[in-house]
Amino acid sequence: MNIRWISLAAAVCLLTASCGQEKKEHEHTEEHAEEHATHDHGAEMSATKVQLNNGQKWQANIETTDGIKRMQSLCAGYSGQDPDAADLAADLQTAFQEIFDKCTMTGAAHDQLHNYLLPLGTHLKDLAACTTGCQEHVVHIQEYLGSYGQYFE
């Protein structure tokens, strides 16, 4: 279990660091690359709560929405058995990383997506560290993922 936790922690660190780098696998506008370069992700981790766009949902890219749906599906397929939680945590982390890897959003919508995703990373880290009572963590993640549609379309 320690190896999985260390792997997840390393992945979260890479995730945070990779968001600040320009991705070769998709095109970034200069504005997007500049936004990523100037983010202080440590400050974001300390909790800026996601907000609506003047009462309206933010427009998310399809890759993000698909990634959230994949994570919801993974949670729905969880057996409820503690030994399976480590595998679920690893699968969720992979889907989570893919959302960041495919990030094409810019501006305020991009900032709000980060406000939504970074607390999710903390929930995933908690699940990865779980050895007993893991179903509770999975339910919490499912509830959090369920809130995505309140902020993004």
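Residues numbered from 1 in each chain as written. Predicted model: local features only at pLDDT ≥ 70, side-chain atom pairs only at ≥ 80, totals over all residues. Heavy atoms only, no water.

## Looking at the overall build of the protein
For step 1, the next point in the chain: Helices and strands together make up the secondary structure of the protein, namely eight helices and zero strands.
For step 2, the next point in the chain: From first element to last, N terminus to C terminus, the protein shows the α and β order α-α-α-α-α-α-α-α.
For step 3, the next point in the chain: Here the analysis covers contacts within the protein between residues at least 6 apart in sequence; of these, 81% occur between residues at least 24 apart.
For step 4, the next point in the chain: Entry remark: accessible area of the protein is about 8,200 Å², with carbon and sulfur atoms responsible for 51%. (Helix = DSSP H or I, 4+ residues; strand = E, 2+ residues; numbered from the N terminus. Contact = heavy atoms within 4.5 Å. Areas by Shrake-Rupley, 256 points an atom, 1.4 Å probe, with all protein chains shown as cover.)

## Concerning the nonpolar core
Nonpolar side chains in soluble globular proteins generally cluster together in the buried interior.
For step 1, the next point in the chain: Ranked by internal contacts, the top residues of the largest apolar core, which has 34 residues, are M71, Y116, L117, L120, L127 and F152.
For step 2, the next point in the chain: Elements that contribute at least two residues to this core include exactly helix 4 (62–76), helix 5 (82–101), helix 6 (107–129), helix 7 (134–146) and helix 8 (148–151).
For step 3, the next point in the chain: When residues in this core are grouped by element, the largest group, nine residues, is from helix 6.
For step 4, the next point in the chain: Other than its neighbours up to four places away in sequence, M71 contacts L92, A95, F96, I99, L120, L124 and L145. (Core = buried A, V, L, I, M, F, W, Y, C linked by side-chain atoms within 4.5 Å. Buried < 20%, exposed > 50% of the residue type's maximum accessible area, 1.4 Å probe, protein only.)

## So, the packing of helix 5 against helix 6
For step 1, the next point in the chain: Running from N to C, helix 5 and helix 6 cross one another at 160°; their axes reach a closest spacing of 9 Å. Taken together, the axis directions place helix 5 and helix 6 in an arrangement best described as roughly antiparallel. Classified by chirality, the crossing of helix 6 by helix 5 is left-handed. Taken together, the residues of helix 6 that come into contact with helix 5 (itself represented by A85, L88, A89, L92, Q93, F96, I99 and F100) are H114, L117, L118, L120, G121, L124, L127 and A128. (Axes fitted to C-alpha atoms, helices over the stretch in contact; angles between N-to-C directions. Parallel < 35°, antiparallel > 145°, perpendicular 65-115°, else oblique. Left-handed = near helix turned anticlockwise from the far one by under 90°.)

## A short note on the state of the cysteines
For step 1, the next point in the chain: Going through the model one piece at a time under the given rule, you end up with one disulfide.
For step 2, the next point in the chain: In this model C130 forms its disulfide with C134; the gap between the sulfur atoms is 2.1 Å. Because the sign of the S-S torsion sets the handedness, a value of about -110° for the bond joining C130 and C134 places this disulfide among the left-handed ones. Across the pair, exposure class does not vary: C130 and C134 are buried alike. (Disulfide = S-S within 2.5 Å.)

## Remarks on helix 7
For step 1, the next point in the chain: For helix 7, with 13 residues, the first-to-last C-alpha span of 18 Å sits near the 18 Å given by 1.5 Å per residue.
For step 2, the next point in the chain: Taken as a whole, helix 7 has its buried residues at C134, V138, I141, Y144 and L145. Buried residues of helix 7, viewed axially, fall in a sector of 125°; they line one side. When the buried face of helix 7 is taken as reference, the exposed residues oriented beyond 90 degrees from it are E136 and E143. (Expected span 1.5 Å × (residues − 1). Arc of directions from axis to C-beta.)

## So, unusual backbone geometry
For step 1, the next point in the chain: Positioned with a positive phi, N54 is a non-glycine residue whose angle comes to about 50°.
For step 2, the next point in the chain: Relative to the helices and strands, N54 resides in the loop between helix 3 (41–45) and helix 4.

## What to know about the confidence of the model for the protein
For step 1, the next point in the chain: Across the protein, the average pLDDT comes to 79, with 69% of residues at 70 or higher.
For step 2, the next point in the chain: The least confident element of the protein is helix 3, whose mean pLDDT is 39; the most confident is helix 8, at 98.
For step 3, the next point in the chain: For residues 1–18, every residue scores under 50 in pLDDT, and the model assigns this stretch 25 contacts once sequence neighbours within four places are set aside.
For step 4, the next point in the chain: Confidence drops under pLDDT 50 across residues 20–46; counting only partners more than four residues distant or on other chains, this segment forms 43 contacts. (pLDDT = per-residue confidence, 0-100.)

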